[in-house]
Each structure stands twice: as C-alpha cells, then as structure tokens.
Amino acid sequence: MNKRFLLAANWKMHGTQSQAQDLVQHILAALLSPQFKKVKKDQIEIQAGLQLPHIVLFPPFVYLQCVAELIQNTPIKLGAQNLSQYDNGAYTGEISASMLKDIGCDYVLVGHSERRTLFGETNEIVALKFHQAIKFQLIPILCVGETQQERDKGQTQSIISQQIQAILKKSGIRSLKKAVIAYEPIWAIGTGEAATPKQAQAVLQWIRAFIAQQDAQIAQNLTILYGGSIKPYNAKALFQMPDIDGGLVGGASLDAEKFIKIYQAQ
Ligand code: PGA
C-alpha cells in the first residue's frame, strides 16, 4: 500500500438521499469486510503533521449530514464540494467554512474546474476560498489543470503555475503543509479519456518541482492527486507513478463496486 494514498470521491450534483446512503453502506461493507483486513477503523496516515485518511467522500451539501452520520467512527472522512469565500453574513445561498466544520467536514474541494469554468471562479476567488478553508482548519484539495486548447499550445505549466501562484500569494507556501493538490486536466474530466500515466506523472512531477523551488520539504511531503476519468481499468497504472499519491474520482465514485476496485488498485 502506498503510504500516503488518498482517494477522493466527488459525487458532484448526482443522486438522491437514499442513493447516497446506499453508496456509503456499500463502500463501508466492502472496506470493513474480512478481505480488506488492511483497512482498520483508525487507519490514517500521519505526514507532516497532517492526518490523512485513505478515503474522503464529497457528497452534495444537502447530503453531508446524512453521510456524516453513516461514516462516524469509520476510516472514511467527509468533505464538501465548495465553500464560500466569506466568514458569514448576507450571502444568500452560500455555505461557510465554519458551517462545514460544524457539520463534520474535514476536507473541501477548492477550484474544481467546473466551479472555475461554469461558475466564474477566478484564480483570485479560488485563493480566497482556499484561505477560508485553511483558516477554519478544513483541508483544501486544490484542483488545478489546463484545457485541451491550452495543452495543445504548450501552456499547461504556465496555467498551473498561475493557479498555484494565486494561492501562494494569498496564503503563503506554508499553507501547502495543510493542503492537498489535485491535478485534473479539464480535457480528461468526465470524458472517459484519462491522461496517460506518463502524461499525469510528468505534470505532477513538475508541480512538485515547482513547489520545491520555494520549499523542498513541503514539496516532498505534499499529497498530490490525479483526477480525470479514473476507472478500474486505468487506476493501477496511474497509481504506480511515483508522484501520484492517489486520485480524485468523479463518475466512477457513484458506483460502489467501481470505486472499491479503484481503491484496491493502489
Ligand atoms: P471524472 O471526474 O472522474 O468523472 O472524470 C473527476 C472530477 O471532476 O473530479
């Protein structure tokens, strides 16, 4: 088992409450069954002062409470798909970091490409959200990645460096001690066309080196995930890459059997 393996399930805006319950129950039944002896109730990894579980679920906001109850006292942790950049106040429809903390979240996705492209989240807004997560002791999973067009133009590194620089400018390099980065090429999300292990490794290695320019220790300890069309058939090859510490799974995380197969591929 990769010692800092982390698998995140981004359910996006899918399902009903009873489907959410079913999914959690199936995952728990599989994880806690005898053939999963390695997964113990208290299984978490400790790195650089951060305690990381192996699985984090990101249900829609309205199902957070129900999932929180089901995963209590299990090795699975809870995360939200988004958060407000504000503390509290007259922000109709928004959910604050303190509310997420209050309801039992440990994690939050920040800057998912769907938030960036469909809901106008700029690098600056993403940086404010990341800052809120850190301020309220939520572990942000910062999503970065380029479009197909940007990749074709050779802009992958410059796009990602801008995305990371915005975070560093607002929160500083030390904030990455308490964060996770997910490289999610936009062309691979929901398309069935994952990056090849080589392509993903090249970008993750570059991200680690980019951060190492500021702090080698933080870069070395940083958990970096790959996301974008991870499926049972391609998970193993991706997870074998030296810089890939796990995955952020969308579509395949809605199917307990597929998700467990991906988990087993570590
Ligand atoms: P996908 O989504 O696995 O369906 O490509 C990944 C994500 O958007 O996080």
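S.K.: Can you help me understand the packing of helix α7 (residues 156–171) against helix α8 (residues 197–212) in this one?
M.R.: In helix packing, the relevant descriptors are the interaxial angle and the interaxial distance, both defined with respect to the helix axes. Where α7 contacts α8, the axes come no closer than 11 Å and their chain directions differ by 45 degrees. Considering their axes alone, α7 and α8 lie oblique with respect to each other. As for the relative orientation of α7 and α8, their crossing is right-handed in sense. Along the contact surface, α7 presents Thr156, Gln157, Ile160, Ser161, Ile164 and Gln165, while α8 presents Val203, Trp206, Ile207 and Phe210. Among the residues forming the contact of α7 with α8, the class breakdown is six nonpolar, four polar and no charged.

S.K.: Hey, could you run me through the nonpolar core in this one?
M.R.: Within soluble globular proteins, side chains that are nonpolar tend to cluster in buried spots. Membership of the largest hydrophobic core comes to 72 residues, with the highest contact counts inside it found for Leu57, Leu176, Ile181, Ile207, Ile211, Tyr226 and Phe239. The greatest single-element share of this core, amounting to seven residues, is contributed by α8. In this structure phenylalanine 239 touches Phe5, Leu7, Ile230, Ile244, Gly246, Gly247, Ile262, Ala265 and Gln266, once residues within four positions along its chain are discounted. Counting 13 residues, the second-largest nonpolar core is a separate cluster that includes Leu6, Ile139, Val180 and Leu225.

S.K.: I keep staring at the layout of surface pockets and nothing clicks. Help me out?
M.R.: The probe, sized like a water molecule, is rolled over the atoms to show the empty space still left. For the largest pocket, the calculated volume is near 500 Å³. If you go around the largest pocket, you meet 20 residues; those closest to its centre are Phe61, Gln81, Asn82, Arg115 and Phe119. Per-element tally for the lining of the largest pocket: the top contributor is helix α4 (residues 113–118), with three residues. A class-by-class count of the residues in the lining of the largest pocket yields 10 nonpolar, six polar and four charged.

S.K.: For this particular structure, what's the right way to read the site of the ligand?
M.R.: Near the ligand there are 13 residues, and of these Lys12, His112, Glu184, Gly190 and Ser229 occur at the shortest range. At a separation of 2.7 Å, an oxygen atom of the ligand approaches a polar side-chain atom of lysine 12. Glycine 251 places a main-chain nitrogen or oxygen 2.8 Å from an oxygen atom of the ligand. Across the complex, the protein chains shield 97% of the 280 Å² of accessible surface that the ligand would expose by itself. Split into classes, the residues belonging to the shell around the ligand amount to four nonpolar, seven polar and two charged.

S.K.: How do you make sense of the pattern of salt bridges when you look at a structure like this?
M.R.: For the structure on display, the rule yields nine salt bridges. Aspartate 245 is the partner of arginine 4 in a salt bridge, and the nearest nitrogen-oxygen pair spans 3.1 Å. In this pair, arginine 4 sits in the segment before β1 (6–10) while aspartate 245 sits in the loop between α10 (232–239) and β10 (246–249), placing the two residues 241 residues apart along the sequence. By relative accessible area, aspartate 245 is classed as buried at 3%. For glutamate 146, the salt bridge is made with arginine 151, and the minimal N-O distance between the two is 2.8 Å.

Reading the values: rules and limits
- Residues numbered from 1 in each chain as written.
- Predicted model: local features only at pLDDT ≥ 70, side-chain atom pairs only at ≥ 80, totals over all residues.
- Heavy atoms only, no water.
- Axes fitted to C-alpha atoms, helices over the stretch in contact; angles between N-to-C directions.
- Helix = DSSP H or I, 4+ residues; strand = E, 2+ residues; numbered from the N terminus.
- Parallel < 35°, antiparallel > 145°, perpendicular 65-115°, else oblique.
- Left-handed = near helix turned anticlockwise from the far one by under 90°.
- Contact = heavy atoms within 4.5 Å.
- Nonpolar A, V, L, I, M, F, W, Y, C, P; charged D, E, K, R; others polar.
- Core = buried A, V, L, I, M, F, W, Y, C linked by side-chain atoms within 4.5 Å.
- Buried < 20%, exposed > 50% of the residue type's maximum accessible area, 1.4 Å probe, protein only.
- 1 Å grid on protein atoms, 1.4 Å probe; cavity = no way out; pocket = protein on both sides within 12 Å on 5 of 7 lines; lining within 4 Å.
- Points joined across faces, edges and corners; volume = space filled by probe spheres on them.
- Near = heavy atom within 4 Å.
- Polar contact = N/O pair within 3.5 Å; in protein donor to acceptor, adjacent residues only side chain to side chain.
- Areas by Shrake-Rupley, 256 points an atom, 1.4 Å probe, with all protein chains shown as cover.
- Salt bridge = Lys/Arg side-chain N within 4 Å of Asp/Glu carboxyl O.

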